[in-house]
Amino acid sequence: MRYETDSILDLDRCHAWHPYASTVNPLPVHEVVGAEGVRLLLADGRELIDGMASWWCMVHGYNHPTLNRALTSQVDKMAHVMFGGLTHAPAATLCARLARMSPQGLERVFLCDSGSVSVEVAMKMAMQYMAARDCPEKCRFLTVRRGYHGDTFHAMSVCDPVNGMHSLFSGSLPRQFFAPEPAIPFDGQWDDADIEPLAGLLRQHAREICAVILEPVVQGAGGMRFYHPGYLRSLRSLCHEAGVLLIFDEIATGFGRSGRLWAADHAGVSPDIMCVGKALTGGYMTLGATLATEDVARTICSAKPGLFMHGPTFMGNPLACAVALASLDLLEQEPWQPRVLRLEQELKQGLEPCRSLPHVADVRVLGAIGVVELDSPVNMAAIQKQFVDRGVWVRPFGKLVYVMPPYVMSREEVAVLTGAVCEVLRADNGIREAGV
Ligand SMILES: *Cc1c(COP(=O)(O)O)cnc(C)c1O
């Protein structure tokens with residue numbers, strides 16, 4: 001009973017552990033009591049325009065009647081059932097839908113719990129594939145710096161070694177190969193010299209490498225960088241020649257975020273394995289999926305032990321699959337692409353004034369992703385408060401102040417959001433980390 005008299009913030013301070021957070025010196029948190037469209041409603045009555053789409057997931061906005069209905073109608077039928085030996089319409093239909101809409105050749109869908117797990121599954125598939133082809137020594141991965149693939153151990157091993165704090169876990173992280181990050185920007189002039197360092201590593205170590213894994217076009221949490229799609233076209237043929245698989249992590253970019261349905265579509269290439277997550281359920285529930293070609297699936301399952309060694313307890317959860325299907329319906333029925341391209345224009349226009357500010361190193365926009373890169377890291381507590389005071393929710397990391405709005409954000413709301421970013425950066429009122 002004692003708890004009823006404590007405030008939520010007190011309970012949180014005493015018992016909750018937040019992402020990438022200290023329990024000793026906690027940063028302030030805000031209590032959310034509701035969310036509608038692109039707005040978060042705080043317990044103190046304030047409303048915030050959400051520039052983060054809840055870590056890039058909530059593409060259709062909060063409290064969407066179609067998604068709500070999908071979830072409640074599924075819960076009345078069946079909330080969950082094991083996926084071993086049983087199947088059901090939401091999961092089977094979702095697998096078929098994902099196979100149909102994904103880049104060519106990805107026919108098999110392995111459902112799992114989250115983005116990180118879908119990366120683990122992809123990496124296990126690549127290792128099992130090579131073992132099935134009598135090349136068990138091909139068990140390491142090649143990737144590029146500045147990547148982010150999740151927080152579990154194998155996923156961490158292919159995150160940027162510095163950002164990903166590999167030194168903290170050096171004893172237990174598998175050691176992978178790292179090429180420099182792609183340098184030519186999205187709209188630059190392609191030159192094969194950009195991929196030469198990776199090509200060199202691939203030539204040198206192909207006998208140990210099972211797959212190349214990277215985020216296509218948009219490097220998200222590792223630096224919010226947009227690189228040239230030509231990189232992926234060259235990479236596709238390099239992987240073929242070297243006999244290694246190609247894995248695209250579309251967890252951040254999938255479902256339209258970069259202006260195309262898949263970031264891979266900018267390059268017109270298909271990977272052998274693809275990871276999705278984040279916006280898959282329209283932000284409603286945790287769900288990931290790993291898609292693979294028929295060749296990957298058949299090769300794995302035609303050799304000992306004749307099966308793929310993975311199977312999460314909540315695999316194919318019907319609630320998550322039902323809401324994912326409804327979210328895909330919305331993507332099909334609603335004009336997501338014109339919306340994202342409109343957001344791209346509005347974000348470009350709205351963030352452009354930041355470019356001339358003293359501590360701004362770069363402003364870049366692709367699809368519904370707007371980034372202002374500073375020359376030094378932000379003071380999170382200070383900048384967070386100034387955004388909240390201006391009625392927007394923006395959560396920077398490191399030197400990056402960025403927005404990834406829900407696709408349904410209106411022109412006026414985008415203007416408030418980008419206006420707040422410009423004002424806070426222009427005022428430069430204690431928002432940068434002292435002494436850096
Ligand atoms: C968020 C993200 C992940 C991890 O997904 P989780 O659901 O947080 O485990 C992996 N890869 C990329 C590119 C991501 O953006």
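Every value quoted in this text rests on a predicted model; they were computed, and no experiment measured them.

(A) Region of interest: the sheet that holds strand β4 (residues 106–112). An order of β4-β12-β11-β10-β7-β5-β6 is seen for the 7 strands of this open sheet, with the pairing classed as mixed. What marks the edges here is a single partner per strand, and that holds for β4 and β6 (177–179). On average, adjacent strands in this sheet sit at an angle of 20 degrees to one another, irrespective of strand direction. In this structure, strand β7 (residues 209–214) lies alongside strand β10 (residues 245–249), joined through 4 bridges in parallel fashion. The residue of β10 that forms the bridge with L214 is F248.

(B) The nonpolar core, seen in detail. By size, the foremost hydrophobic cluster in this structure holds 130 residues, and its most contacted members are L198, V372, V401, V421 and L425. The dominant element in this core, judged by the number of residues it contributes, is helix α6 (residues 115–132), at 9 residues. Split by domain, this core shows at least three residues from each of two domains, domain 1 (5–63 + 335–427) and domain 2 (67–333). Residues contacting L425, with those up to four places away along its chain left out, are C354, L357, V360, V372, L374, I383, V401 and I431. Judged by nonpolar contacts, the second largest core, of 5 residues, contains L67, V323, A326 and L330.

(C) Local environment of the pattern of salt bridges. Tallied over the entire structure, the rule returns 25 salt bridges. Note that R13 and D10 form a salt bridge whose closest N and O atoms lie 2.6 Å from each other. Taken together, the residues span about one helical turn, with R13 and D10 both in helix α2 (residues 8–15) at a distance of 3 residues. Between E332 and R100 there is a salt bridge; the shortest N-O distance is 3.6 Å. Here E332, found in helix α12 (residues 318–333), pairs with R100, found in helix α5 (residues 89–101); they are 232 residues apart in sequence, far enough to count as distant. Each member of the pair, E332 as well as R100, is classed as exposed.

(D) Quick look at the packing of helix α8 (residues 196–205) against helix α9 (residues 230–242). At their nearest, the axes of α8 and α9 sit 11 Å apart, and the two run at 10 degrees to each other. Relative to α9, the element α8 lies roughly parallel. Residues L198, A199 and L202 of α8 pack against Y231, L235, L238, C239 and A242 of α9. The residue makeup of the contact of α8 with α9, split by class, is 8 nonpolar, no polar and no charged.

(E) Examining the site of the ligand more closely. Within the structure, the ligand sits among W56, S114, G115, S116, Y148, H149, G150, E215, D249, I251, A252 and K278. A distance of 2.6 Å separates an oxygen atom of the ligand from a polar side-chain atom of S116. One of the side-chain N or O atoms of K278 is found 2.6 Å from an oxygen atom in the ligand.

(F) Summary view of the packing of helix α14 (residues 380–389) against helix α15 (residues 411–427). Where α14 meets α15, the axes come as close as 10 Å, and the angle between the chain directions of the two elements is 135 degrees. Comparing their axes, α15 and α14 come out oblique. With respect to the hand of their crossing, α14 and α15 are arranged in right-handed fashion. Between α14, through I383, Q386 and F387, and α15, the contact on the second element is made entirely by A420, V421, V424 and L425. Partitioning the contact of α14 with α15 into residue classes produces 6 nonpolar, 1 polar and no charged.

(G) Representation of the environment of V81. Residue placement: V81 occurs in the loop between α4 (65–77) and α5. V81 sits 72 residues away from L9 along the chain, and the two C-alpha atoms are 35 Å apart. Residues contacting V81, with those up to four places away along its chain left out, are L86, H88 and P318.

(H) α14, seen in detail. Looking only at α14, the buried set comprises M380, I383, Q384, Q386, F387 and V388. Elements that come into contact with the buried residues of α14 comprise β2 (39–42), β3 (47–50), β15 (392–393), β16 (400–403) and α15. At the N-terminal end of α14, a side-chain oxygen is found 3.2 Å from the backbone nitrogen of A381, two or three residues along, and the residue is N379. Looking one or two residues past α14, G391 carries a phi angle of roughly 80 degrees, positive in sign.

(I) Here's a closer look at the environment of A16. As for its position among the elements, A16 is in the loop between α2 and β1 (32–36). Along the sequence, A16 and S102 sit 86 residues apart, while their C-alpha atoms lie 38 Å from each other.

(J) Molecular detail of the domain arrangement of the chain. Per the domain assignment, the segments making up the chain are domain 1 (5–63 + 335–427) and domain 2 (67–333). On a C-alpha basis, the centres of domain 1 and domain 2 stand 26 Å from each other. Facing the 29 residues of domain 1 at the interface are 31 residues of domain 2. Summed over both partners, the interface of domain 1 with domain 2 comes to about 2500 Å²; 64% of that surface belongs to carbon and sulfur atoms. Linking domain 1 to domain 2 there are 0 salt bridges. Our count for the contact surface shared by domain 1 and domain 2 stands at 14 residue pairs in polar contact (both at pLDDT 80 or more).

(K) Representation of unusual backbone geometry. Between K304 and the following residue, P305, the backbone shows a cis peptide bond with an omega angle of 0 degrees. Here P305 lies in the loop between α11 (294–302) and α12. One non-glycine residue, A53, lies in the positive phi region at around 50 degrees. Mapped onto the elements, A53 comes out in helix α3 (residues 53–56). On the basis of relative accessible area, A53 is assigned to the buried category, the value being 0%. With phi around 50 degrees, M165 is a residue other than glycine that occupies positive phi space. For M165, a relative accessible area of 48% gives the class partly exposed.

The rules behind the values
- Residues numbered from 1 in each chain as written.
- Predicted model: local features only at pLDDT ≥ 70, side-chain atom pairs only at ≥ 80, totals over all residues.
- Heavy atoms only, no water.
- Pairing = 2+ DSSP bridges.
- Helix = DSSP H or I, 4+ residues; strand = E, 2+ residues; numbered from the N terminus.
- Axes fitted to C-alpha atoms, helices over the stretch in contact; angles between N-to-C directions.
- Core = buried A, V, L, I, M, F, W, Y, C linked by side-chain atoms within 4.5 Å.
- Buried < 20%, exposed > 50% of the residue type's maximum accessible area, 1.4 Å probe, protein only.
- Domains from an automatic or database assignment.
- Contact = heavy atoms within 4.5 Å.
- Salt bridge = Lys/Arg side-chain N within 4 Å of Asp/Glu carboxyl O.
- Parallel < 35°, antiparallel > 145°, perpendicular 65-115°, else oblique.
- Nonpolar A, V, L, I, M, F, W, Y, C, P; charged D, E, K, R; others polar.
- Near = heavy atom within 4 Å.
- Polar contact = N/O pair within 3.5 Å; in protein donor to acceptor, adjacent residues only side chain to side chain.
- Left-handed = near helix turned anticlockwise from the far one by under 90°.
- Buried area = accessible area lost by both parts, 1.4 Å probe.

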